[in-house]
Amino acid sequence: MLTVEQRRIWAVDLKMKLVMVGLLVMVEYTMQLKSSHPMHGIVDRINEIGGPYIGLVMAYPTEELALTTSGLFVHNSDFPWVDLAGRRFNIGKIKNADVIYVMTGEQTLNAGITVQILLDTFDTEGVVHYGIAGSTNDSLSLADVSVMKYVAFTSSWKLKEFKSETGQLPELKFGAFNYPERGENLLAKVEFTPGQLYSEGKPMEEFFWLQVDSDWFSIATQLQDLELQRCLNDTYCLPETPKVTVGLRGSTADIFLDNEAYRKFLYEQLNVSTVDEESAAIVMTCMSNGVPSIVFRGVSDLAGGGENVLSLSLSSLASVNALTAAVEFIALVEKRNTVHNH
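Residues numbered from 1 in each chain as written. Predicted model: local features only at pLDDT ≥ 70, side-chain atom pairs only at ≥ 80, totals over all residues. Heavy atoms only, no water.

**Student:** Help me understand the sheet that holds strand 10 (residues 171–173), please; the structure alone is not making it clear to me.
**Tutor:** Pairing within the open sheet is antiparallel, and its three strands lie in the order 9-11-10. Each having just a single partner strand, strand 9 (157–160) and strand 10 make up the two edges of the open sheet. The average angle at which neighbouring strand axes cross in this sheet is 25 degrees, direction not considered. Pairing geometry for strand 10 and strand 11 (residues 189–192), over three bridges, is antiparallel. Bridging from a neighbouring strand, glutamate 171 pairs with glutamate 191 of strand 11. The sheet strands contacting helix 6 (residues 260–270) are strand 9, strand 10 and strand 11, and the helix crosses strand 11 at an angle near 45 degrees. (Pairing = 2+ DSSP bridges. Helix = DSSP H or I, 4+ residues; strand = E, 2+ residues; numbered from the N terminus. Axes fitted to C-alpha atoms, helices over the stretch in contact; angles between N-to-C directions. Contact = heavy atoms within 4.5 Å.)

**Student:** Looking at this structure, I do not really get the environment of valine 291. What am I missing?
**Tutor:** By secondary structure assignment, the location of valine 291 is in the loop between helix 7 (279–289) and strand 18 (293–302). Judged by its relative accessible area of 17%, valine 291 falls in the buried class. Beyond its immediate stretch of four places on either side in the chain, valine 291 contacts Leu119, Thr124, Glu125, Gly126 and Cys286. (Buried < 20%, exposed > 50% of the residue type's maximum accessible area, 1.4 Å probe, protein only.)

**Student:** Can you help me understand the state of the cysteines in this one?
**Tutor:** What makes a disulfide is a covalent bond joining the sulfur atoms belonging to two cysteines. Enumeration according to the criterion identifies one disulfide in this entry. In this model cysteine 231 forms its disulfide with cysteine 237; the gap between the sulfur atoms is 1.8 Å. Torsion about the S-S bond of the cysteine 231 and cysteine 237 cystine: about 95 degrees, corresponding to right-handed handedness. (Disulfide = S-S within 2.5 Å.)

**Student:** Help me understand the packing of aromatic side chains, please; the structure alone is not making it clear to me.
**Tutor:** For any pair of aromatic rings, geometry is given as the distance between the ring centres together with the angle between the planes. Going through the model one piece at a time under the given rule, you end up with nine aromatic pairs. Taking 5.6 Å as the distance between ring centres and 45 degrees as the angle between the ring planes, the aromatic pair formed by phenylalanine 89 and phenylalanine 122 counts as tilted. Of this pair, phenylalanine 89 sits in strand 4 (residues 87–94) while phenylalanine 122 sits in the loop between helix 4 (108–121) and strand 6 (124–135), and the two are 33 residues apart along the sequence. For phenylalanine 89, a relative accessible area of 0% gives the class buried. (Phe/Tyr/Trp six-rings, centres within 6.5 Å; stacked < 30°, edge-to-face > 60°.)

**Student:** Looking at this model, I keep getting lost on the pattern of salt bridges. Mind explaining?
**Tutor:** A side chain with one charge may pair with a side chain of the opposite charge, provided their charged atoms come close. Summed over the entire model, instances satisfying the criterion amount to twelve salt bridges. For glutamate 171, the salt bridge is made with lysine 189, and the minimal N-O distance between the two is 3.3 Å. Of the two residues, glutamate 171 sits in strand 10 while lysine 189 sits in strand 11, which places them 18 residues apart along the sequence. Residue classification places lysine 189 among the buried residues on the basis of a relative accessible area of 8%. With a closest N to O distance of 3.5 Å, arginine 297 and aspartate 276 form a salt bridge. You can see arginine 297 sitting in strand 18 and its partner aspartate 276 sitting in strand 17 (residues 274–276), a full 21 residues away along the chain. The pair arginine 297 / aspartate 276 is uniform in exposure class, with both members buried. One salt-bridge network, in which partners are shared between bridges, spans Asp138, Glu260, Arg263 and Lys264. (Salt bridge = Lys/Arg side-chain N within 4 Å of Asp/Glu carboxyl O.)

**Student:** Help me understand helix 7, please; the structure alone is not making it clear to me.
**Tutor:** Turn by turn, an α-helix covers 3.6 residues, leaving residues three or four places apart pointing in a common direction. The buried fraction of helix 7 is high, at eight of eleven residues. For helix 7, the set of buried residues is Ser279, Ala280, Ala281, Ile282, Val283, Met284, Thr285 and Cys286. Just downstream of helix 7 lies glycine 290, where phi reads positive at about 70 degrees.

**Student:** Sorry, what's going on with the side chain of serine 279 here?
**Tutor:** With respect to the helices and strands, the residue serine 279 is situated in helix 7. The buried category is assigned to serine 279, whose relative accessible area is 0%. A distance of 3.1 Å separates polar atoms of two side chains, one belonging to serine 279 and the other to arginine 297. Contacts of serine 279, omitting those with residues within four sequence positions, involve His129, Met148, Val151, Thr252, Val295 and Arg297. (Polar contact = N/O pair within 3.5 Å; in protein donor to acceptor, adjacent residues only side chain to side chain.)

**Student:** How should the packing of helix 4 against helix 7 be read in this particular structure?
**Tutor:** Geometry of a packed helix pair, given as the angle between the helix axes and the separation of the axes. Contact geometry for helix 4 and helix 7: axes closest at 8 Å, N-to-C directions at 35 degrees. Helix 7 is crossed by helix 4, and the crossing has right-handed handedness. Touching Thr108, Ala111, Gly112, Val115, Gln116, Leu119 and Asp120 of helix 4 are Ala281, Ile282, Thr285, Cys286 and Asn289, all from helix 7. Class assignment of the residues belonging to the contact of helix 4 with helix 7 gives a composition of six nonpolar, five polar and one charged. (Left-handed = near helix turned anticlockwise from the far one by under 90°. Nonpolar A, V, L, I, M, F, W, Y, C, P; charged D, E, K, R; others polar.)

**Student:** For this particular structure, what's the right way to read the pairing of strand 6?
**Tutor:** On a regular strand, one side chain projects to one face of the sheet and the next to the other, so that they alternate. Within strand 6, eleven of the twelve residues are buried, which leaves it mostly tucked inside the rest of the structure. With five bridges connecting them, strand 1 (residues 53–58) and strand 6 associate as parallel partners. Opposite valine 57, over in strand 6, you have histidine 129 as the bridge partner. Pairing between strand 6 and strand 18: nine bridges, direction parallel. Note that in strand 18 the partner of valine 128 across the bridge is isoleucine 294. Across two bridges, strand 6 lies against strand 17 in antiparallel orientation. Bridge pairing in strand 17 places serine 135 opposite threonine 274.

Here you go:
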């Protein structure tokens, strides 16, 4: 039988242990900023009043403009945004879901850094990425939205010697594209190379294709009949209503693709349907951190398919349609979370 004093000591000891466990859990899941950071207290408060948040990321100003002019995102009245590392993380809601949106800037390095900051700083459930892309697949029309299942880095190359042996992954032979006649080319060929994925609790894995989260992808399949916008304005409409296509492959490279021959090569050799400069970096960063991600890309042009005087307007329409799909996906995730919580 414990004495009163022993029970008091035991209770204090238990309380201290519970406090320590709570602190460890909070550090693990909220990924707070350093205590010396001037935004430390504000970020802690944001993680307390909302979340877990869905991260919504885009790369181009036209993509952010589609969101800001839609009226779908409502800023938090107390903490509308936080500026970190030159990026503005906007705090609010979309269709009752807690959302933090941020513009990454162009290309893979910016995209990866931005998403890592998002995941390290805020209590984030997963990341939804939307934006525009070039199409390499003739079955995709302008303003269609591709919900890719796989994405690869296609600018990681091994420059091979002239007349070298065939490699294991696809090769781009420069001589095959000599004009006007095919022939030898001293640049020889480049072989696509795998990347390296580091994630917690697992050994380093080599990969070529990155697969988006299977659970979130399953939810996204419900969007295939989603109604998308067809008209640029009152006087110009696309000949057909854009559609959502699920399960295609995407290519990410720090290359703006405007070349018909390379476009056809990517589709014929790698079965790539869209090209962009950020998606693979975002998916890979999420995989490393063990959080789900999904990608919605609206077709703004046929990569290397010729000039189009309406290209800027089509980029806006493609951004709007990609956003529409992303928002409806967020609503589906929020509905599922609400059912599970009940």
